[in-house]
Amino acid sequence: MITFHFEKEKYGFELLMDLHKFETNPTVFIENSFHTNDFFEIFIFEKAKGYLELNGDRLNIGEHSLFFISPHQKKSYEIDLSDIKGFHLVFQNDFLSDFFDDKLFVYRLQYFYNSKYPQYLKLPKREYDKIQFILNEIISEINDFQNNSIHIIRSLLYFHLSKINRLLSKHYNLSPETQGS
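Note that the structure is predicted; figures quoted are calculated from it, not measured.

**Brief notes about helix α3 (residues 125-143)**
Under the 1.5 Å per step criterion, the end-to-end length of α3 is 26 Å for 19 residues, consistent within 8% with the ideal 27 Å. The secondary structure elements touched by the buried residues of α3 are β2 (17-21), β4 (40-47), β9 (85-91) and α4 (149-172).

In structure tokens form, the structure reads like this:
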């Protein structure tokens, strides 16, 4: 089985996260055979057809759907690339934990390590549009990288992950708390 490793120096400097639109590079994430990653991954589909198989569960892809994949989870895809729109977000835990006090923040998010509920969320269009705005801001910062861009990207990613945690928690009736007692 193939394991994909995070490419830290993709932009000529170390950046422990990446985000792109499917419309500009739809095949960047596609590996139809089963594989794993050493990073966190979120697929944010505005429009797509197909399915994702994650740890033996087949999850259908549709409009405004999000899929959350933790490092080393076994997965494969069957996606129609002719009409795909959305985002692909990848990051390493260190991108957030090296800066914020809560070193376990990512591990407390309800969607990465919750074995009771699917690692999937379908959003209403209004909520998807809010998420899309934040993701476009992150892409703009990456494309026009400046001295303080890393702080802006990190804070937008933190906001994005927290917002999605609230939405998923509300959908599955879970606690939205990411702080341990």
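**Brief notes about the packing of α3 against α4**
Orientation of α3 relative to α4, taken along the N-to-C sense of each, is 160°, at an axis distance of 9 Å. Viewed along their axes, α3 and α4 adopt a mutual orientation that is roughly antiparallel. In the crossing of α3 with α4, the sense of the turn from one axis to the other is left-handed. When α3 is examined against α4, the residues Glu127, Ile131, Ile134, Leu135, Glu137, Ile138, Glu141 and Ile142 are found in contact with a partner set consisting of Ser149, Ile152, Ile153, Leu156, Leu157, Phe159, His160, Lys163, Ile164 and Leu167.

**Points about the packing of aromatic side chains**
How two aromatic rings sit relative to each other is given by the distance of their centres and the angle of their planes. All chains considered together, the criterion is met by 20 aromatic pairs. Ring centres 5.9 Å apart and planes at 5° place the aromatic pair Phe43 and Phe45 in the stacked group. Judged by centre distance (6.3 Å) and plane angle (85°), the ring pair of Phe68 and Phe112 falls under edge-to-face. Here Phe68, found in strand β7 (residues 65-69), pairs with Phe112, found in the loop between α2 (105-108) and β10 (120-122); they are 44 residues apart in sequence, far enough to count as distant. Just as Phe68 is buried, Phe112 falls in that class too. Directly above the ring of Tyr51 sits Arg58, whose terminal nitrogen or CZ lies 3.6 Å from the centroid. The ring centre of Phe95 lies 4.9 Å from the NZ or CZ of Arg154, which sits over that ring.

What counts, and where the lines are drawn
- Residue numbering note: each chain is counted from 1, following its sequence as written.
- The predicted nature of this model means local features are confined to residues of pLDDT at least 70 and side-chain atom pairs, given and counted, to a pLDDT of 80 or more, with totals for whole chains, interfaces and linings taken over all residues.
- Calculation of side-chain values draws on the structure's entire complement of heavy atoms; hydrogens and water are dropped beforehand.
- Numbering goes from the N terminus for both helices and strands, where a helix is a DSSP run of H or I of at least four residues and a strand is a run of E of at least two.
- Under the convention used throughout, the expected extent of a helix is 1.5 Å for every residue step, that is, one less than its residue count.
- Whether two residues are in contact is decided by their heavy atoms, any of which lying within 4.5 Å being enough.
- Inter-axis angles, ranging from 0 to 180 degrees, are taken between N-to-C directions of lines fitted to C-alpha atoms, where helices are fitted over the stretch in contact.
- Working definition: roughly parallel below 35 degrees, roughly antiparallel above 145 degrees, roughly perpendicular at 65 to 115 degrees, and oblique for all remaining angles.
- By definition, turning the near helix anticlockwise from the far helix through less than a right angle yields a left-handed crossing, and turning it clockwise yields a right-handed one.
- Here the aromatic set is Phe, Tyr and Trp, taking the six-membered ring for Trp, and pairing holds for ring centres within 6.5 Å; pairs whose planes are under 30 degrees apart are stacked, those over 60 apart are edge-to-face, and all others are tilted.
- Relative accessible area decides the class of each residue, using a 1.4 Å probe on protein chains only: under 20% of the type maximum gives buried, over 50% gives exposed, and in between gives partly exposed.
- Here, a charge over a ring means that NZ of Lys or CZ of Arg falls within 6 Å of the ring centre while also lying within 35 degrees of the ring normal.

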